[in-house]
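Per-entry structural report
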Amino acid sequence: MLQRIVLILIFCLLSSGCATYILNQPLESYEPDQGYRFPAIIEDDSPDTQNSDSLFVCLAFSGGGTRAAAFAYGVLEKLHETPIQWEGKTSSLLDEVDCISGISGGSFTAAYFGLFGKRIFQDFRVRFLSRDIQGELLARALNPLNWPRLASPKFNRIDLATELYNETLFDGKTFDDLVARGKRPFIIINATDLVSGQSFEFTQNQFDFLGSDLGKLPVARAVSASSAFPFLLSPVSLKNYTPPPEFSTPEDIAKGLKNYEYNRRLWHWAIRHYEYLNKSERPYVHLMDGGLSDNIGMRAIENEYRRSGGFIRQRINSAGRKSGIKKLVFIVANARTESQDKISKSDIPPEISEVGFKTATIALDNYSFETIESMRDLINQRRQTQDTLAQCNRKILECPSVQPFPQLSREIEPIFIDLNFEAHPDPEIRKELQSLPTSFVLPEEAVNQLIRAGGELLENSADFQKLRQKLQPSVPD
Amino acid sequence: MQYLLVKFREDRDVVVDGHILGVTNRVIELEEGLHTISLAEPYDFMPDKYEIPVINSTVVNPVEVEFN
């Protein structure tokens, strides 16, 4: 008997020494047009003939566990049920979605749709939304067969989560599989770099700086990082390799580094990338829940809107090409909840646990609010700019000897739709939605309610109603 | 956002910080800051590039550069 126990212990020790997390792979050659990136501007010869550039739709799915995943799913379902006619083609608004940025719970829905398309409406509820993911994770952690691996410093709870998502949800798919689909939407899964505290995007543009090939990485790994909630799950670690010799810092990042005096935001974005090239100081990168740096998912989209290399900015300015944006639609599915105010009703100062919770969430909530408003301001500014130019040129027409002002590269119609529980018209349902916890298990009725809310809130949005009216297919006589 | 007008004798793609970002003789909306401005091929223009801050502009008063 003792001999058997000793043998088991030896086996455990040996197998724990072997257990290690999924390591990202080095990049063999640097090709700026290859890998998991939004494709460069091309004329309309893409195999994705259904999705135009001219109607450009980007979605942001916030964090918030299963609550956020179900809410985002409800939005996708409503877009799928919205028929449109655009440039002579009849399709659904979902067919025109070009990018989705997902955080934590929202990243599950985004990644699943990116990998499996409309199959999401057949099996995502069963495969994810209705499951007790937390319970399954706990069961794996408590399974004695996993203990030897968990004893290894290079194998942790997050690696069990990656295995679970990889086996039971994402079918072992990698980012190369997303590329192979050759279809939009482009999915941006966001995590947080524990050292810089900044957002980390699972795109090849970001991985170039790690000298790493994102294509080989399981999508489940990215989703694990995005949803690695502090304390409950451990960080996801990546190796920071020396890039291939042909790699050089992209010109927009190099220029950004010179912008300390002119645009601190641009400089900060550039330095955030550039720091990964310091291989001796940062041989490893450790990532946690994307919600720590941006719980909305809008910052990645905002960067693509602002930056000269951003795929949205390029399409806003591309004049005279077939590709280029005419209508730009942003939809934010924000599953934020408001905890009930119990503090104000008491004359006793709040307990330390309450103060701790508030300290951890207040700054994040304020930042999320500002993220949404910053994007709304950008959209309003663009609208105002176009109006100003049009008004000035109309006035100038009254003076035939005066030359009109030059036109913008392209006139676009920007639309910003912000969905959140606060806007739900029914106070009872609003209260119920607001009280749902951030967890990876919810009762079936709550999941159904969230899916319905996603659709209803989109349906009730005045901007969405206007958009739908303009895109409505014409009824034949 | 800021505004840039690149003047040239014909319509040509404008390259900002290594990316095509609009065309000549039309106003380009871009992020505030120091940028490198050039044109796409053929390289039949002078100077070969500008490095200028695009700041304090409006759509009716854009920062202007000219290639010959």
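The rules we used
Residues numbered from 1 in each chain as written. Chains lettered and ligands numbered in written order. Predicted model: local features only at pLDDT ≥ 70, side-chain atom pairs only at ≥ 80, totals over all residues. Heavy atoms only, no water. Helix = DSSP H or I, 4+ residues; strand = E, 2+ residues; numbered from the N terminus. Buried < 20%, exposed > 50% of the residue type's maximum accessible area, 1.4 Å probe, protein only. Polar contact = N/O pair within 3.5 Å; in protein donor to acceptor, adjacent residues only side chain to side chain. Contact = heavy atoms within 4.5 Å. Buried area = accessible area lost by both parts, 1.4 Å probe. Salt bridge = Lys/Arg side-chain N within 4 Å of Asp/Glu carboxyl O. Nonpolar A, V, L, I, M, F, W, Y, C, P; charged D, E, K, R; others polar. Axes fitted to C-alpha atoms, helices over the stretch in contact; angles between N-to-C directions. Parallel < 35°, antiparallel > 145°, perpendicular 65-115°, else oblique. Left-handed = near helix turned anticlockwise from the far one by under 90°. Phe/Tyr/Trp six-rings, centres within 6.5 Å; stacked < 30°, edge-to-face > 60°. Expected span 1.5 Å × (residues − 1). Disulfide = S-S within 2.5 Å. Core = buried A, V, L, I, M, F, W, Y, C linked by side-chain atoms within 4.5 Å. UniProt positions renumbered as here; feature names shortened; annotations may be inferred.

Let's talk about the side chain of Ser 52 of chain A
All names here are of chain A. On the secondary structure map, Ser 52 appears in the loop between strand S1 (25-26) and strand S2 (55-61). Taking relative accessible area as the criterion, Ser 52 reaches 12% and is therefore assigned buried. Within the structure, Ser 52 has its side chain in polar contact with the backbone nitrogen of Leu 55 (distance 3.2 Å).

Considerations on the interface of chain B and chain A
One widely used convention gives an interface's size as the accessible area the parts lose upon coming together. In this complex, chain B contributes 28 residues to the contact, which on the side of chain A involves 29 residues. Taking both partners together, chain B and chain A bury about 2,700 Å²; carbon and sulfur atoms supply 54% of that area. Taken as a group, Met 1, Glu 29 and Glu 31 of chain B account for 24% of the area that chain B buries against chain A, more than any other trio of residues on that side. With a closest N to O distance of 2.8 Å, Arg 313 of chain A and Glu 29 of chain B form a salt bridge. Counting the contacts that link chain B with chain A gives 20 residue pairs in polar contact (both at pLDDT 80 or more). Secondary-structure elements contributing two or more residues to the side of chain B that touches chain A are strand S1 (2-7), strand S2 (13-16), strand S3 (19-23), strand S4 (27-30), strand S5 (33-39) and strand S6 (50-54) of chain B. Top contributing element to the side of chain B that touches chain A by residue count: S3 of chain B, with five residues. Tallied by class, the residues present in the side of chain B that touches chain A amount to 14 nonpolar, seven polar and seven charged.

Here's the deal with the packing of helix H16 (residues 427-434) of chain A against helix H17 (residues 444-460) of chain A
Residues and elements named next belong to chain A. Contact geometry for H16 and H17: axes closest at 11 Å, N-to-C directions at 120°. Considering their axes alone, H16 and H17 lie oblique with respect to each other. For the pair H16 and H17, the sense of crossing is left-handed. Here H16 contributes Ile 429, Glu 432 and Leu 433 to the contact with H17, which in turn contributes Gln 449, Leu 450 and Ala 453. The class makeup of the residues in the contact of H16 with H17 is four nonpolar, one polar and one charged.

With respect to the packing of aromatic side chains
Throughout the structure, instances matching the rule amount to 32 aromatic pairs over all chains. Note on Phe 108 of chain A and Tyr 165 of chain A: the rings are 4.9 Å apart at their centroids and 85° apart in plane angle, and the pair reads as edge-to-face. Linking Phe 108 of chain A in helix H3 (residues 104-116) with Tyr 165 of chain A in helix H7 (residues 157-168), this pair joins segments that are 57 residues apart in sequence. Under the relative-accessibility criterion, Phe 108 of chain A is labelled buried at 0%. Centre to centre, the rings of Phe 8 of chain B and Phe 45 of chain B are 6.3 Å apart; their planes meet at 85°, and the pair counts as edge-to-face. Of the two residues, Phe 8 of chain B sits in the loop between S1 and S2 while Phe 45 of chain B sits in the loop between S5 and S6, which places them 37 residues apart along the sequence. With respect to class, Phe 8 of chain B is no different from Phe 45 of chain B; both count as buried.

Quick word on the packing of H3 of chain A against helix H4 (residues 120-129) of chain A
Residue and element names in this part refer to chain A. At a closest axis distance of 11 Å, the pairing of H3 and H4 adopts a crossing angle of 140°. Judged on the interaxial angle alone, H4 and H3 are oblique. Read as a crossing pair, H3 and H4 show a hand that is right-handed. In this structure, H3 uses Phe 108, Thr 109, Tyr 112 and Phe 113 to contact H4, whose residues at the interface are Ile 120, Asp 123, Phe 124, Arg 127 and Phe 128. Broken down by class, the residue content of the contact of H3 with H4 amounts to six nonpolar, one polar and two charged.

Some words on the pattern of salt bridges
Residue and element names in this part refer to chain A. Counted according to the given criterion, the structure contains 38 salt bridges over all chains. For Asp 171, the salt bridge goes to Arg 127, with nearest N and O atoms at 2.6 Å. Of this pair, Asp 171 sits in the loop between H7 and helix H8 (175-181) while Arg 127 sits in helix H4, and the two are 44 residues apart along the sequence. The class of Asp 171 is partly exposed, set by a relative accessible area of 38%. Judged by relative accessible area, which is 17%, Arg 127 ranks as buried. The closest approach of N and O atoms between Glu 398 and Lys 395, which form a salt bridge, is 3.9 Å. Looking at Glu 398, the relative accessible area reads 58%, which means it is exposed. Looking at Lys 395, the relative accessible area reads 55%, which means it is exposed. Taken together, the salt bridges that share partners define one network made up of Asp 53, Asp 98, Arg 184 and Arg 315.

Notes on H17 of chain A
All names here are of chain A. Here H17 contains 17 residues, and its C-alpha end-to-end distance of 24 Å stays within 8% of the 24 Å for a straight helix at 1.5 Å per residue. For H17, the full list of buried residues reads Ala 446, Val 447, Gln 449, Leu 450, Ile 451, Ala 453, Gly 454, Gly 455, Leu 457 and Leu 458. In this fold, the buried residues of H17 make contact with helix H2 (65-80), H4, strand S11 (327-334), strand S12 (413-420), H16 and helix H18 (462-471).

Notes on the state of the cysteines
All names here are of chain A. Inspection of the entire model under this criterion finds one disulfide over all chains. Across a sulfur-sulfur distance of 2.1 Å, Cys 58 and Cys 99 are joined as a disulfide pair. Because the sign of the S-S torsion sets the handedness, a value of about 120° for the bond joining Cys 58 and Cys 99 places this disulfide among the right-handed ones. Taken together, the residues Cys 58 in strand S2 and Cys 99 in strand S5 (residues 97-103) connect sequence positions 41 residues apart. Like Cys 58, the residue Cys 99 is buried in the burial classification.

Quick word on the nonpolar core
Counting 126 residues, the largest nonpolar core has Leu 79, Phe 170, Phe 175, Phe 202, Ile 312 and Phe 330 of chain A as the members making the most contacts within it. It is H2 of chain A that provides the largest number of residues to this core, a total of nine residues. If sequence neighbours within four positions are ignored, Ile 312 of chain A has contacts with Phe 56, Cys 58, Ile 301, Glu 304, Tyr 305, Ile 325, Leu 328 and Phe 330 of chain A. In this structure, Phe 8, Leu 30, Phe 45 and Phe 67 of chain B belong to the second largest nonpolar core, which totals 16 residues.

Brief notes about the UniProt feature "active site" (unreviewed entry) in chain A
Residues and elements named next belong to chain A. Per the UniProt annotation, the sites labelled "active site" (unreviewed entry) are Ser 104 and Asp 289. Spanning 186 residues, the named residues nonetheless gather at one spot, since no C-alpha pair among them exceeds 6.2 Å. Along the chain, Ser 104 turns up in helix H3. With residues up to four places along the chain from it excluded, the contact list for Ser 104 reads Gly 63, Ser 226, Ser 227 and Asp 289. Considering the arrangement of structural elements, one finds Asp 289 in strand S10 (residues 284-289). A relative accessible area of 5% means that Asp 289 is categorised as buried. Setting aside its immediate chain neighbours within four residues, Asp 289 contacts Ile 103, Ser 104, Ala 191, Thr 192, Ala 225, Ser 226, Ser 227, Ala 228, Phe 229 and Pro 230. Polar side-chain contacts of Asp 289 include one of 3.3 Å to the side chain of Ser 104.

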